[in-house]
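Descriptive analysis of the structure
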Amino acid sequence: MRRQNEQVMLLRHDMMKHFQVLRQTTADERTAAYLDGLLGENEKIRPVVQSGNEMLDIILNGKLSAATDAGIQVELIHAQAPDRLPLADAELCSLIMNILDNALEAAAAPGVERRYVRLDMHIRNRFFVFTCENAATLEWIGREAAPGRGLGMKAIRQVAERYGNLYKTEYGDDYYKATVLLPLCQPLK
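Here's a quick rundown of the structure. Along each chain, residues carry numbers from 1 onward, in the same order as the chain's sequence is written. Note on the predicted model: pLDDT of at least 70 is required for a residue's local features to be given, and 80 or more for side-chain atom pairs to be given and counted; whole-chain, interface and lining totals, by contrast, use all residues. Neither water nor hydrogens contribute to the side-chain values; these are computed over all heavy atoms in the structure.

**Concerning the overall build of the chain**
Secondary structure elements follow DSSP: runs of H or I no shorter than four residues count as helices, runs of E no shorter than two count as strands, and numbering proceeds from the N terminus. Each helix and strand counted, the chain has six helices and five strands in total. In the chain, the succession of α and β elements from N to C terminus is α-α-α-β-α-β-β-α-α-β-β. When the 189 residues of the chain are sorted by exposure, 39% land in the buried category. For the chain, restricting intrachain contacts to residue pairs at least 6 apart in sequence, the fraction spanning at least 24 positions comes to 69%. Accessible surface area values rest on a Shrake-Rupley calculation with a 1.4 Å probe, where residue burial reflects the displayed protein chains alone. Surface accessibility of the chain: about 11,400 Å² in total, with carbon and sulfur atoms responsible for 51%. Relative accessibility thresholds used throughout: buried, under 20% of the residue-type maximum; exposed, over 50%; partly exposed, between the two (1.4 Å probe, protein chains only). The criterion used for residue contact is that any of the two residues' heavy atoms lie within 4.5 Å.

**Some details on the sheet that holds strand β4 (residues 167-171)**
Pairing between two strands is assigned when DSSP locates at least 2 bridges connecting them. Strand order in the open sheet formed by five strands is β1-β2-β3-β5-β4, and the pairing between neighbours is mixed. Of all strands in the sheet, those bounded by a partner on one side alone are β1 (73-79) and β4. Looking at each pair of strands side by side, their axes are set apart by 10° on average, direction ignored. Axis definition: a line fitted to C-alpha atoms, over the contacting stretch in the case of helices. Angles run 0 to 180 degrees between N-to-C directions. Across the face of the sheet, helix α4 (residues 89-107) comes into contact with β2 (116-124), β3 (127-135), β4 and β5 (175-183) while running at roughly 20° to β3. Across the sheet, helix α6 (residues 151-162) is in contact with β4 and β5; its angle to β4 comes to roughly 140°.

**A word on the packing of aromatic side chains**
Planes of paired rings set the category: under 30 degrees apart is stacked, over 60 is edge-to-face and the rest tilted, where pairs are Phe, Tyr or Trp rings (Trp by its six-membered ring) whose centres lie within 6.5 Å. The full count for this structure, using the stated rule, is one aromatic pair. Taking 6.2 Å as the distance between ring centres and 80° as the angle between the ring planes, the aromatic pair formed by Trp140 and Tyr176 counts as edge-to-face. Here Tyr176 lies in strand β5 and Trp140 lies in helix α5 (residues 138-143), a separation of 36 residues in the sequence. One exposure class covers both Trp140 and Tyr176, and it is buried. Whether a charge lies above a ring is judged from NZ of Lys or CZ of Arg, which has to be within 6 Å of the ring centre and within 35 degrees of the ring normal. Sitting above the plane of the Tyr116 ring, Arg114 keeps its charged end 4.3 Å from the centroid.

**Section: the nonpolar core**
For this analysis, a nonpolar core means a set of buried residues of the types Ala, Val, Leu, Ile, Met, Phe, Trp, Tyr and Cys, connected via side-chain atoms within 4.5 Å. Ranked by internal contacts, the top residues of the largest apolar core, which has 43 residues, are Leu60, Leu95, Ile96 and Phe130. Put simply, the parts of the chain that give this core at least two residues each are α3 (54-69), α4, β2, β3, α5, α6 and β5. With nine residues, α4 is the largest single contributor of residues to this core. Here Leu60 is in contact with Val49, Ser65, Ile96, Leu100, Leu119, Met121 and Phe130, once residues within four sequence places are set aside.

**Considerations on the pattern of salt bridges**
One side-chain nitrogen of Lys or Arg within 4 Å of one carboxyl oxygen of Asp or Glu is enough to make a salt bridge. In total, this model carries six salt bridges according to the counting rule given. Residue Arg118 is joined to Glu75 by a salt bridge in which the shortest nitrogen-to-oxygen separation is 2.8 Å. Residue Arg118 is found in strand β2, and its partner Glu75 is found in strand β1; the two are separated by 43 residues along the sequence. By relative accessible area, which is 18% here, Glu75 ends up buried. Taken together, the shared-partner salt bridges connect Glu75, Arg114, Arg118 and Glu133 into one network.

**What to know about empty space enclosed by the protein**
A 1.4 Å probe that fits but cannot get out identifies a cavity on a 1 Å grid over protein atoms alone, an open set with protein on both sides within 12 Å along at least five of seven lines counts as a pocket, and a residue lines either if it has an atom within 4 Å of a point. Grid points are joined across faces, edges and corners, and a volume is the space filled by probe spheres set on the points. Here the structure, examined in full by the defined rule, presents one cavity of 30 Å³ or more. One number sums up the size of the largest cavity: a volume of about 60 Å³. Of all the elements in the fold, those that place two or more residues in the lining of the largest cavity are α4, β3, α6 and β5.

**Structural notes on α3**
Multiplying one less than the number of residues by 1.5 Å gives the expected span of a helix. Helix length check: α3, at 16 residues, gives a terminal C-alpha distance of 23 Å against a target of 22 Å (1.5 Å per residue), a fit within 8%. Taken together, the buried positions of α3 are occupied by Met55, Leu56, Asp57, Ile58, Ile59, Leu60, Asn61, Lys63, Leu64 and Ala67. With a side-chain oxygen lying 3.2 Å from the backbone nitrogen of Met55, the N-terminal cap of α3 falls on Asn53. Just past α3, the residue Gly71 takes up positive phi, approximately 80°. For the purposes of these results, a polar contact is taken to be a pair of N or O atoms within 3.5 Å, where, inside protein, one atom must be able to donate a hydrogen and its partner to accept one; residues adjacent in sequence count only when each atom of the pair is a side-chain atom.

What follows is the structure in C-alpha cells.
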C-alpha cells in the first residue's frame, strides 16, 4: 500500500509538470483548451490526507477515497498525527480500517438522511486522539450486536486493550461516534 501510494503521488506530480510544459509551449487553441481541461480536472482530485504519519495517511486516503466514491461526505476536523505511534503497522491498520469500515457501512445504510464521515485526529496531553463520527440509524447500530456480526468491533477492542483500553463509543438517533486514545509515551503492552 505504501509503495502504491508513493507511485500514485509521484505520477500525479510528474504528470502535472508535463501538462504545464505542454500548455505553455502550444499555440494550437484546441490543444491548449484540452490541456487546460486536464489541469483543471487534476485540481479537482480529492485532497490527500497528510497527518504526519505515513501509514495512517495511506490507510485514510484509500478509505476516504472509497467513501467519496460511494457518495459519503468526508469531513476532516484535524489531521495531525505523530510520525511514529506506539503500535505496530499491522495493529494500526486493523484498528483504523475496522473503525472506518464500520463507519462507511453505517453511513451508507438504508434510511440514513445525510451520509457523512467526520474524522478528527490530533495530539493532546501525550495521547494521539482519533475520533470517527458517522451517520447511522438505530437499526444499523442494533444490527451490530446480531449473531455473526461484530468481528471488526472485537478487533478494535483487542488493539485498544493492549494500549490502555482507551476506547469509547457513543451514538444517537442518527450518528455513531468512536474515539480511541493511544499513549505516545511508553506502550502499555
